[in-house]
Amino acid sequence: QPPQIFPERPPSLRVTIRMLIPVILSGGAGTRLWPVSREGNPKPFMKLADGESLLLKTYKRAAKVAQGSDILTVTQRDAFFMSRDEFQKAGLGDHWQAHFLLEPMGRNTAPAIAMAARWVAERFGSETHLLILAADHLIADEAHFAEVVKAATTLSAQDQLVTFGMVPKG
């Protein structure tokens, strides 16, 4: 779907709305936190003390900052059903549409992002913005995260590529 243009305005004042689609990368072999995380139960699916997985928290966080109603998850074929179940547990309601791109085998982050970008451009238009999120990150200050995403979206609308990082502590 191409960007929406408000036709009631004169051509010189038309406004293009760019959608923000969260893309959640949920791959990996489950080897970094072994034995808690393993091939059959990778880190994104680990339950934290509150009973929620990192992936479930990521779905909820993505829904709070998205400017549409679609969330794309790139994952392995073997993790599809667990990913779908976590999306349903997030309780986002019927408004949200989950999409899944299934990799036959992990090829690392850059190819996953490229595949997601192509998929989003084909379905939503090349002006759509992507918010790439790792499924295994824990972000405690979600209000600040939402502010940073809003600022990044503004920069992205000016055709700037934005990356997020953390300042190391002590």
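Calculation criteria
- Numbers given to residues run from 1 along each chain, matching the order in which its sequence is written.
- It should be noted that, the model being predicted, local features are given only for residues of pLDDT at least 70 and side-chain atom pairs only at 80 or more, the latter also being counted only at that level, while totals for whole chains, interfaces and linings use all residues.
- Side-chain numbers come from the whole structure's heavy atoms, not from hydrogens or water.
- By nonpolar core we mean a set of buried residues, namely Ala, Val, Leu, Ile, Met, Phe, Trp, Tyr and Cys, connected to one another through side-chain atoms within 4.5 Å.
- With a 1.4 Å probe rolled over the protein chains alone, any residue whose accessible area is under 20% of its type maximum counts as buried; one over 50% counts as exposed, and the rest are partly exposed.
- A run of H or I in DSSP becomes a helix once it reaches four residues, and a run of E becomes a strand once it reaches two; helices and strands are each numbered from the N terminus.
- We call two residues in contact whenever any of their non-hydrogen atoms come within 4.5 Å of each other.
- Helix axes are fitted to C-alpha atoms over the stretch in contact, other axes to C-alpha atoms as well, and angles between N-to-C directions run from 0 to 180 degrees.
- Angle categories are assigned with fixed cut-offs, so that under 35 degrees is roughly parallel, over 145 is roughly antiparallel, 65 to 115 is roughly perpendicular, and the rest are oblique.
- Crossings are classed by handedness, with left-handed meaning an anticlockwise turn of the near helix from the far one by less than a right angle and right-handed meaning a clockwise turn.
- DSSP calls a pair of strands paired once it identifies at least 2 bridges connecting them.

Engineer: Explanation requested: the nonpolar core in the structure shown.
Structural biologist: Within soluble globular proteins, side chains that are nonpolar generally end up buried alongside one another. Core analysis: the largest hydrophobic core is formed by 20 residues, its most contacted members being Ile 24, Tyr 59 and Ile 71. If you list the elements that add at least two residues to this core, you get strand S3 (20-26), helix H1 (54-65), strand S6 (129-134) and helix H4 (142-157). Here this core gets six residues from one element, more than from any other, and that element is H1. Setting aside chain neighbours within four positions, we find Tyr 59 in contact with Ile 24, Ile 71, Thr 73, Ser 83, Glu 86, Phe 87, Ala 90, Leu 92 and Phe 100. Core analysis: the next-biggest nonpolar cluster, separate from the first, contains twelve residues, Val 23, Leu 101, Ala 112 and Trp 119 among them.

Engineer: Just checking my understanding: could you explain the packing of H1 against H4 for this structure?
Structural biologist: Helix packing for two helices is described by the angle between their axes and how far apart those axes are. Contact geometry for H1 and H4: axes closest at 10 Å, N-to-C directions at 45°. By the criterion of interaxial angle, the relationship of H1 to H4 is oblique. Read as a crossing pair, H1 and H4 show a hand that is right-handed. In contact with Arg 61, Lys 64 and Val 65 of H1, H4 contributes Glu 142, Phe 145, Ala 146 and Val 149.

Engineer: Please clarify how the environment of Trp 96 should be interpreted in this entry.
Structural biologist: As for its placement among the helices and strands, Trp 96 is situated in the loop between helix H2 (80-89) and strand S5 (97-103). Residues Trp 96 and Ala 63, spaced 33 residues apart in sequence, show a C-alpha to C-alpha distance of 8.1 Å. Those residues in contact with Trp 96 that lie beyond four places of it in its chain are Ala 63, Ala 66, Gly 68, Ser 69, Asp 70, Ile 71 and Phe 87.

Engineer: How should I be thinking about the sheet that holds strand S4 (residues 70-76) in this particular structure?
Structural biologist: The pairing of strands in a sheet comes from backbone hydrogen bonds and takes either a parallel or an antiparallel form. Within the open sheet, the four strands sit side by side as S5-S4-S3-S6. Their pairing is parallel. Looking at the sheet topology across the chains shown, the edges are occupied by S5 and S6. Pairwise comparison of adjacent strand axes, ignoring direction, gives a mean angle of 25° for this sheet. With seven bridges joining them, S4 and S5 adopt parallel strand pairing. Looking across to S5, one finds that Thr 75 is bridged to Leu 102. Each of S3, S4, S5 and S6 touches H1; the most contacted strand, S3, lies at about 170° to it.

This is a description of form; function is not addressed.
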